[in-house]
Amino acid sequence: GMQSHLQALLSLYKLFCPEQVTITLPGKMKTYFKNSEGPWKAAITAVRQRNQGTSPLSQAVFLGTSQPQSRKRKWNAQLVIPATSTNTNNLEENGEKNQVYLYSTNESLPVEQLQTFPQLLQNIHCLEFPSQMGSVLTNPLLLHYMNCVKDESIYLRLYYWMGQMLQEECTWCVVDNPYEEEFKSFLETVYKAECFLQEGFPACEEFLYKTLPLWDGFCCRSEILRLVSWIPLSSFSDIKSYLYSPLAQLFFTSSIYFKCSVLESLKELLQNWLNCNVIQVDLEPS
């Protein structure tokens, strides 16, 4: 007679090749095989939904998790880079009047007052990074300052903030996300900051390695390929498995325009590696 594990195996066959299994199987049975195709199915369904207008998915799938908690925006929320503002740790509260005053000491310059490069040079010893690190992406003076002050905590703050933003807003991993144009603008801002600093962000590299296997080669194409050009040099095995293999699957099945775009991106990636290597050689003591 039918045994439970055989029924589970037949149900798995019927899932992928329904024409091969003609018998009727019970609707409810114990799950014997873990579904590892969740992210791919969600990505494929998202592409069909965008191209054919099919019914939306009931739940979102992000970065290899099959049943994440859905994240809903507030009705008036937008994907925006935070404005530059002073760290609000320096607060003084007057208990009698129940009022809060911001004060700045003579040893620090509020970042809102930073307007010119000479002003940055004169006050570089007494600046404090803003309370929201994401604001440095659109502020060239703070990017200069970030490049000069090699503080690991600064990079960690930006890493966690950027990683969270990329994770929550990725339009091809978070299904039913209507904010594609905002996400494109955000990726463009990140790319411009990388060009300014002449180096890629670790959070961006991690995001690309996780999402390229799920990418359809269409959504945010130019922005993604630009970010690819700033991936830092690492071992060949990592580059092959995390970068070349996902791009190769799209490369051989896409249009000539996409192929040329990928080759252009990889050419820029090689140029950035060479430039970085030349700078490191020049900095080494002779």
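Residues numbered from 1 in each chain as written. Predicted model: local features only at pLDDT ≥ 70, side-chain atom pairs only at ≥ 80, totals over all residues. Heavy atoms only, no water.

Going by an unreviewed UniProt entry, the protein chain carries the name CENPI protein and comes from Platysteira castanea. If you open the UniProt record of the protein chain and go to Sequence similarities (unreviewed entry), you find "Belongs to the CENP-I/CTF3 family." (UniProt positions renumbered as here; feature names shortened; annotations may be inferred.)

1. A look at the pattern of salt bridges
Here the idea is simple: oppositely charged side chains can pair when their charged atoms come close. Taken as a whole, this structure holds five salt bridges when the rule is applied. Among the salt bridges present, the one from lysine 184 reaches glutamate 180, with a minimum N-O distance of 4.0 Å. Here lysine 184 pairs with glutamate 180, and both are found in helix α6 (residues 180-197), just four residues apart, close to one helical turn. Residue lysine 184 is classed as partly exposed on the basis of its relative accessible area of 23%. By relative accessible area, which is 23% here, glutamate 180 ends up partly exposed. A salt bridge links glutamate 181 to lysine 184, with the shortest nitrogen-to-oxygen separation between them at 3.9 Å. Of this pair, glutamate 181 and lysine 184 both sit in helix α6, three residues apart, which is roughly one turn of the helix. (Salt bridge = Lys/Arg side-chain N within 4 Å of Asp/Glu carboxyl O. Helix = DSSP H or I, 4+ residues; strand = E, 2+ residues; numbered from the N terminus. Buried < 20%, exposed > 50% of the residue type's maximum accessible area, 1.4 Å probe, protein only.)

2. A short note on the packing of helix α7 (residues 202-211) against helix α8 (residues 221-228)
Axis separation between α7 and α8 bottoms out at 10 Å; the angle between their running directions is 120°. The angle between α7 and α8 places the two elements in the oblique class. As α7 packs across α8, the resulting crossing turns out to be left-handed. Within the contact between the two elements, α7 uses Cys204, Phe207 and Leu208 and α8 uses Ile224, Leu227 and Val228. Partitioning the contact of α7 with α8 into residue classes produces six nonpolar, no polar and no charged. (Axes fitted to C-alpha atoms, helices over the stretch in contact; angles between N-to-C directions. Parallel < 35°, antiparallel > 145°, perpendicular 65-115°, else oblique. Left-handed = near helix turned anticlockwise from the far one by under 90°. Contact = heavy atoms within 4.5 Å. Nonpolar A, V, L, I, M, F, W, Y, C, P; charged D, E, K, R; others polar.)

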